[in-house]
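# Geometric and topological summary
The chain contents come next:
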Amino acid sequence: MFTIDQFKETHSKVKSGADFPKYVQDLTSIGVVSYDTYVGDGHSVYFGKDNFEAQSEANYPAMKVAEENNKEEFHHYLKIHQQGQADYMAFCQHSAETGVEKWTVHMNEMTCTYYDKQENKMLVEKIPLSGNVSL
């Protein structure tokens, strides 16, 4: 189906949030139907057809995710990232500081949903085919 090496190669092309729509398209092309990324260490679990699943290793040293979420501040940081003004690592740090536990991307719906530690939805965004993500 797909391999972790394919994810690493695809992810290496992402420099900021402006690259996210292309990243999602690339993952879809290799058979990913959804994935979860965990902010605490950056590992992801990728899901394909027929219950296929692959998990990446941690992308960075563990960081503490805030117990309480701050949706407004997260929204601000997300906009900065989507405009290409913050790199992926800065976005992950900001996500942790504002209480984002993970995000889930669904390729069929072209959505990215951000969750806090209590699994509350903090934000659901539509992923465009190109350009910045709309909130």
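Residues numbered from 1 in each chain as written. Predicted model: local features only at pLDDT ≥ 70, side-chain atom pairs only at ≥ 80, totals over all residues. Heavy atoms only, no water.

The buried fraction of strand β2 (residues 44-48) is high, at four of five residues. Here strand β1 (residues 32-38) hands over to β2 after five residues, with Gly42 in that stretch at a positive phi of 85°. When β2 meets strand β3 (residues 53-55), the two strands line up antiparallel, connected through three bridges. Following the sheet pairing, Phe47 is matched in β3 by Glu53. The antiparallel pairing of β2 with β3 creates a hairpin that spans four residues between the two strands, and Asp50 there sits at a positive phi of about 55°. (Buried < 20%, exposed > 50% of the residue type's maximum accessible area, 1.4 Å probe, protein only. Helix = DSSP H or I, 4+ residues; strand = E, 2+ residues; numbered from the N terminus. Pairing = 2+ DSSP bridges.)

Phi angles above zero are rare outside glycine, and Asp50 is one such case at about 55°. Of note, Asp50 is situated in the loop between β2 and β3.

As a further point, take the packing of aromatic side chains. Under the criterion given, the structure shown has eight aromatic pairs. Three or more aromatic residues link up through ring pairs in this structure, and these residues are Phe74, Tyr88, Phe91, Trp103 and Tyr114. Cation over ring: Lys102 sits above Tyr115, and NZ or CZ is 5.4 Å from the ring centre. (Phe/Tyr/Trp six-rings, centres within 6.5 Å; stacked < 30°, edge-to-face > 60°. Lys NZ or Arg CZ within 6 Å of the ring centre and 35° of its normal.)

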